[in-house]
Amino acid sequence: MEILSTLGETGISTLRDVAPIIAVLVFFQVVVLRRRLPHLGRIVRGFVYVLIGLTLFLIGLEQALFPIGETMAKQLTAASAGTSTEVRWDDYLLVYAFAAAIGFATTVAEPALISVSMKAEEVSGGALKARGLRIAVAVGVAVGVSLGCFRIVTGTPLPWYIVVAYLIVILQTFRSARSIVPLAYDSGGVTTSTVTVPVVAALGLGLASSVPGRSPLIDGFGLIAFASVFPIMSVLGYAMIASWRTRRRDAGNDTTDSSRN
């Protein structure tokens, strides 16, 4: 009965959240465009699937992802720091490694990133590889989440990291090809989606509540900001390295051709 009650409450809440989207689509289609809804049966069936999927997903977050993220953070913190009350950043190396691993794994499995990377490969005609883009973004998230956990442990202010990170992004933007900049910026957005956000948020809250002297409200949040900006840096860096290697290869070919002539 408890499961049915949870399903009912979450389903009603999800319906309230999705209702404005339905209202806007119907209003513009019927009132503004003055056309009938095409394939009404398919649309209704699709929204039913959306409601069921979102309901089960939200229940899964509450029942599994959030608890396991907080539990893992607390267990790793206890194993790293032991019984010491003094907070030393180098006592939490295992936490940083776990944060990097979980950040990489959740990002690679992120449906939004998979979709964007496939579209990028399709639009670029294969010049951009979907797998390479996903790995570059995942590396950025891994580094960002690990550094964010370091910030929680040390208690240093969040703006220091974010401001410096965006300054680096600005410098990279001026040095990167115009074609890669929009995709790199979008890569920072797709990482804050269905899989990554719940696990990363739970990790930050669990870590902040376990480290002595840290506040879950002040220190626990902010990991998602790291997971947003560092993928931009990694994708721009990946594109700059690829461009440099291409120029170097072309220069080597030109030198070879000149020597033959």
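As shown above, the structure is provided for reference.
Residues numbered from 1 in each chain as written. Predicted model: local features only at pLDDT ≥ 70, side-chain atom pairs only at ≥ 80, totals over all residues. Heavy atoms only, no water.

Student: Summarise unusual backbone geometry; cite the residues concerned and give the values.
Tutor: Positive phi, close to 55 degrees, is recorded for His39, a residue that is not glycine. Inspection of the secondary structure assignment puts His39 in the loop between helix H1 (2-32) and helix H2 (40-81). (Helix = DSSP H or I, 4+ residues; strand = E, 2+ residues; numbered from the N terminus.)

Student: Go over helix H5 (residues 130-154), please, and point to the residues and values.
Tutor: Taking 1.5 Å of rise per residue, the 25 residues of H5 would be expected to cover 36 Å, and the 36 Å separating its terminal C-alpha atoms lies within 8% of that figure. Gly155 sits one or two positions beyond H5 and adopts a positive phi of about 75 degrees. (Expected span 1.5 Å × (residues − 1).)

Student: So, the packing of aromatic side chains: which residues are in play, and what are the values?
Tutor: In the structure shown here, the tally under the stated rule is four aromatic pairs. An aromatic cluster of at least three residues, connected via ring pairs, comprises Tyr161, Phe226 and Phe230. (Phe/Tyr/Trp six-rings, centres within 6.5 Å; stacked < 30°, edge-to-face > 60°.)

Student: Residues and numbers for the nonpolar core, please.
Tutor: In terms of nonpolar packing, the biggest core is built from 40 residues, with Val145, Cys149, Ile180, Leu203, Leu207, Val235 and Leu236 touching the most fellow members. A per-element tally of this core places helix H9 (residues 223-260) first, with ten residues. (Core = buried A, V, L, I, M, F, W, Y, C linked by side-chain atoms within 4.5 Å. Buried < 20%, exposed > 50% of the residue type's maximum accessible area, 1.4 Å probe, protein only.)

Student: I'd like a description of a nonpolar patch on the surface, backed by residues and values.
Tutor: Side chains of Ile3, Leu4, Leu7, Leu40, Val44, Val48, Tyr49, Ile52 and Leu56 sit close together on the surface and give an oily, nonpolar patch of about 890 Å² of accessible area. Elements supplying a minimum of two residues to the nonpolar patch: H1 and H2. Per-element accounting of the nonpolar patch gives the leading share, six residues, to H2. Looking at the element boundaries, Leu56 is found in helix H2. (Patch = residues over 30% accessible without salt bridge, like charges linked within 9 Å, V, L, I, M, F, W, Y side chains within 5 Å. Areas by Shrake-Rupley, 256 points an atom, 1.4 Å probe, with all protein chains shown as cover. Salt bridge = Lys/Arg side-chain N within 4 Å of Asp/Glu carboxyl O.)

Student: Got a sec to walk through the packing of helix H3 (residues 93-108) against helix H8 (residues 196-210)? Specific residues and values, please.
Tutor: Working note: a packed helix pair is described by the angle between its axes plus the distance between those axes. At a closest axis distance of 9 Å, the pairing of H3 and H8 adopts a crossing angle of 165 degrees. In terms of orientation, H3 lies roughly antiparallel with respect to H8. You can see that H3 and H8 cross each other, and the crossing is right-handed. Contacts from Val95, Phe98, Ala99, Ile102, Thr106 and Thr107 in H3 reach Thr196, Val199, Leu203 and Leu207 in H8. Here the residues of the contact of H3 with H8 sort into seven nonpolar, three polar and no charged. (Axes fitted to C-alpha atoms, helices over the stretch in contact; angles between N-to-C directions. Parallel < 35°, antiparallel > 145°, perpendicular 65-115°, else oblique. Left-handed = near helix turned anticlockwise from the far one by under 90°. Contact = heavy atoms within 4.5 Å. Nonpolar A, V, L, I, M, F, W, Y, C, P; charged D, E, K, R; others polar.)

Student: Account for the side chain of Ser228, with residues named and values stated.
Tutor: Note on placement: Ser228 falls in helix H9. A relative accessible area of 17% places Ser228 in the buried class. Beyond its immediate sequence surroundings of up to four residues, Ser228 is in contact with Gly188, Thr191 and Thr192.

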